Structure formats: C-alpha cells, structure tokens
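# Observations on chain architecture
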Amino acid sequence: MQRLLVVCFFFLALSSHAQMVVEAGVMPSINLNKKLNSKIKLNFKVENRLNIYSNLISPDVYELTDASLIGAYKVNTATTLGLGYLLRYRSGRLTHRSVQQFSIVQYFPVKIAHRIVTDQTFAQNEDPTFRLRYRIGTELPLFGKTLNNNELYFKVSNEYLGLLNSGTVEMDIRLCPFLGYSFSKKNKVEIGLDHRFERLLQGNPNMHSWIAVNWFYSF
Amino acid sequence: MKTLVLFLLLCPALCISQVKVEKESRIKTDEVPDKAIKFVKTVGFDKKIKWYREESADSVSIEGKTKYNKQKYSVEFDTLGTIQDIEIKIQWTDLPEVVQHAVDSCLSHNFKTYQVKKIQEQFSGSHNQMSKFPETTDGLTIKYEIVISGKSNGEIEWFECTFDQNGLWEKSRRIIYSNSDNLEY
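The structure presented is a predicted model; accordingly, all values stated were derived computationally and were not measured. (Residues numbered from 1 in each chain as written. Chains lettered and ligands numbered in written order. Predicted model: local features only at pLDDT ≥ 70, side-chain atom pairs only at ≥ 80, totals over all residues. Heavy atoms only, no water.)

Turning our attention to the sheet that holds strand β11 (residues 206–218) of chain A. All names here are of chain A. The strand order around the closed barrel built from eleven strands is β1-β2-β3-β4-β5-β6-β7-β8-β9-β10-β11, with neighbouring strands paired in mixed fashion. Pairs of neighbouring strands in the sheet enclose a mean axial angle of 20°, with direction left out of account. Bridging between strand β1 (residues 21–35) and strand β2 (residues 40–54) involves eleven bridges; their strand directions are antiparallel. Within β2, the position partnered with Leu32 by the bridge is Phe44. (Pairing = 2+ DSSP bridges. Helix = DSSP H or I, 4+ residues; strand = E, 2+ residues; numbered from the N terminus. Axes fitted to C-alpha atoms, helices over the stretch in contact; angles between N-to-C directions.)

A word on the pairing of strand β6 (residues 111–123) of chain A. All names here are of chain A. For strand β5 (residues 93–106) and β6, the ladder comprises twelve bridges, and the chain directions are antiparallel. Paired with Ser98 across the bridge in β6 is Gln120. Counting the residues in the hairpin turn of β5 and β6 gives four residues. Note: β6 against strand β7 (residues 129–141), eleven bridges, orientation antiparallel. Among the inter-strand pairings, Val117 is bridged to a residue of β7, identified as Arg133. Where β6 hands over to β7, the hairpin turn is made up of five residues, of which Asn125 adopts a positive phi near 60°.

This paragraph deals with the interface of chain B and chain A. Each partner contributes to the interface: chain B provides 30 residues, whereas chain A provides 42 residues. Linking chain B with chain A are three salt bridges, by the criterion used here. The partner of A:Lys41 in a salt bridge is B:Asp181, with the nearest N and O atoms 2.6 Å apart. On the surface where chain B and chain A come into contact, there are 26 residue pairs in polar contact (both at pLDDT 80 or more). For the side of chain B that touches chain A, the secondary-structure elements that each account for two or more residues are β2 (22–27), β3 (50–56), β4 (60–68), β7 (113–124), β8 (141–152), β9 (155–164) and α5 (181–184) of chain B. Take the side of chain B that touches chain A: its biggest share by element is five residues, from β2(B). Among the residues making up the side of chain B that touches chain A, the classes are represented as eight nonpolar, seven polar and 15 charged. (Contact = heavy atoms within 4.5 Å. Salt bridge = Lys/Arg side-chain N within 4 Å of Asp/Glu carboxyl O. Polar contact = N/O pair within 3.5 Å; in protein donor to acceptor, adjacent residues only side chain to side chain. Nonpolar A, V, L, I, M, F, W, Y, C, P; charged D, E, K, R; others polar.)

Quick look at the nonpolar core now. Across soluble globular proteins, you tend to see nonpolar side chains buried next to one another. Residue and element names in this part refer to chain B. Of all hydrophobic cores here, the largest spans 38 residues; its most connected members are Phe39, Phe45, Trp51, Phe77, Ile86 and Phe163. Among the elements that make up this core, the one with the highest residue count is helix α2 (residues 34–43) (five residues). Phe77 has contacts with Ala36, Phe39, Val40, Trp51, Ser61, Ile62, Thr82, Ile83 and Gln84, leaving out every residue within four places of it along the chain. (Core = buried A, V, L, I, M, F, W, Y, C linked by side-chain atoms within 4.5 Å. Buried < 20%, exposed > 50% of the residue type's maximum accessible area, 1.4 Å probe, protein only.)

Next up, the structure:
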C-alpha cells in the first residue's frame, strides 16, 4: 500500500510539470487465447488507440492499431515462456516488433503475476528500439476469496520499462487499475485506466492516460 | 525400504476424476447462524472473522476465516451452524516426519513432478469435542488437505489431495482456477 502511494505521488508530481505533454484517449483491445495442447497456447491480441485530448496539438482521433501473436510454452502451473511478434499500423506506416516473454503467476495467498519482457522494434528509416520491461499485477475478487463466474474483480498492474534507442536510454512507468467482470473462467471483460509516464530520464516527459476496455476470451 | 514399500502399497494410483467445484461468496455476520457465532466465541478467536457461504456440487456450508495465534484458521459449519471442521494453514515442516514421508512417497508415486503450494491441517469431531479446541485435540479426527501442482499424464495441473493423520491418501480432486491470461498479456 505504501509503495502504491509513493507511485501515485510520484505521478502527481510529474503531471504538474509545466512542459509535460499530456494526452488522453480510449484503448479497446481483444485478447483471444487458444490452447493447442497442455503445454502450448497462442495469444492473439488486437488493440486500437483513439485520441480524445492533447494539451499541445489537436490530434487525429485514430492513432494506431497493434496486432500481436504470442506463442506461449507452459513450463509448470506457474511459469510460462513466450515468443511473439507484433505489427503496428500508425500514420500509414508499419512497425515490426519481436517479443520474448517470461511470466510467473503466484496463486497463494492472492493471485499475483510477474512478467518480464524484452522486445525489439524495427521500422523503415528508424533506428531500432530495444526494451526491457517488468510488470507486476494482481487480480482481487470483490466478493470472496476466489474469483467465481459472474463476479466482479479489481485488477491493478505496475510496469517499468527501460528502452534504448539511438544510443539514448529512457524509462517509462505504467500504472493500470481495472474493474473486471468474469463471465466464466475463460471469458473476462475489464475497463480501467492505463496511465503511461514516458521519457522520464531525459527531461521531456509525456503523460498518456487511456480508458482501456479489454476483452479476454479463451477457447 | 520396507516402509517405502508399505507406503506405496497403501497409496493406490490416485483416482482423480473428480473436479473441485466450489463457489464462495462473502456474507455479513448477521447472515451467519447463531449456533456458529456462539461456537467461534467459545473457541475465543480474538481477531475479526470474515464469513463466506460456500456452495459445492453437493452441499452448502458457512465458513469463517480468521487469524489466531499468528495462524490462519478456517472454521466450517453446515447451514444450521453445526461445526463441521476447523482447518489451520501450516507449513510442510509442521507436518510430522512420518506424514511427510508418507505424503511424499504417495505423491512421488503418482506424479512425475509435484510442488506443494498449500497445506491445511483439518480437525473434525463432535460438537463437544470441537468446543474444547484448541486446548485439546483429543478424540478429534486429523486430516491434511494439501494443494499441489503436479504433472501426471504429461499435463501439469492443480490438485487438492486429502491424507489421513498417518499420511495415507484418502481422496484427490482436480482444481481448475480462473485463467491468468489477463495478467500475462
């Protein structure tokens, strides 16, 4: 709790920075998960970003679309290794990203997930960007010890990203509180805020706040 | 060696066709039967008790959860408030050594690999016997409920296995948790 408060105060202090670029929008996503066998599953995700507000310019409403496919190998009930590829369409251009993922989910006493991701982003006429990400997230049922069907839950995640582009090192921090509803063990919908504080090291920080709506479906 | 052979003979191949289906929801104290409230007062729990209604495939029960003497307690009643059992969360090293050996032999025999995730020591008996808990556990039936992640038939899954006070296997149920895709992607 103390840690969460420190993070919140840090973000408040940042948002009062006079030169900060502040943008807000909507970010709907669809996550489809297909279990191929007991060890391997595929995650297909499509996400759009739509701008609503910017304190600098009048942005186009449509910003980008991401489509990604990750193949995940279940090492045990807690640990998963993933390899994937993301394609981003933005301003008529395509960006390519390779993704490597390692995640551990702890079920006792509460469900907590740790995720470490490395990714490499490539686009025409641009230097590649290399990122290292760590995310911790938890899912807490609102009416009981475990999440049952047709129940609400609270999810919060905090992610730290280090990135290297053209010899410059930068850091982003994300904080995402969500309210979710579980229709079944395989079907969940979440709505919440995706706060992103970007470029924190070089003195020109950006703040993005997205209203995110996520649908997760497994089959 | 003889002990190991004995354990393996007494530990049949776990029949795990049953799936643990439980739905629990938080309830207020005024929804708890008076008999159950009286019982927890006689035991002398001094911390707040959180109450839940648990529905399984064949029964409904009321469960109170609290901390007592720095341990996590679950007290289960039927819907009339009659005590069913008391469970205390313990560590592997809290198990008697003979139970550790028996459980390990049984699980190693049935799972290629396994990891113990949670252990609860379960006490059950008549109302009179249970009302003397925790001062005395004389006459109470002791069982161990152990949640593991185990690999059998090439698949790694969650199981809840129940062992008696000697560490002999009684039953096992497969646990299906809500998936964690929304935390991983």
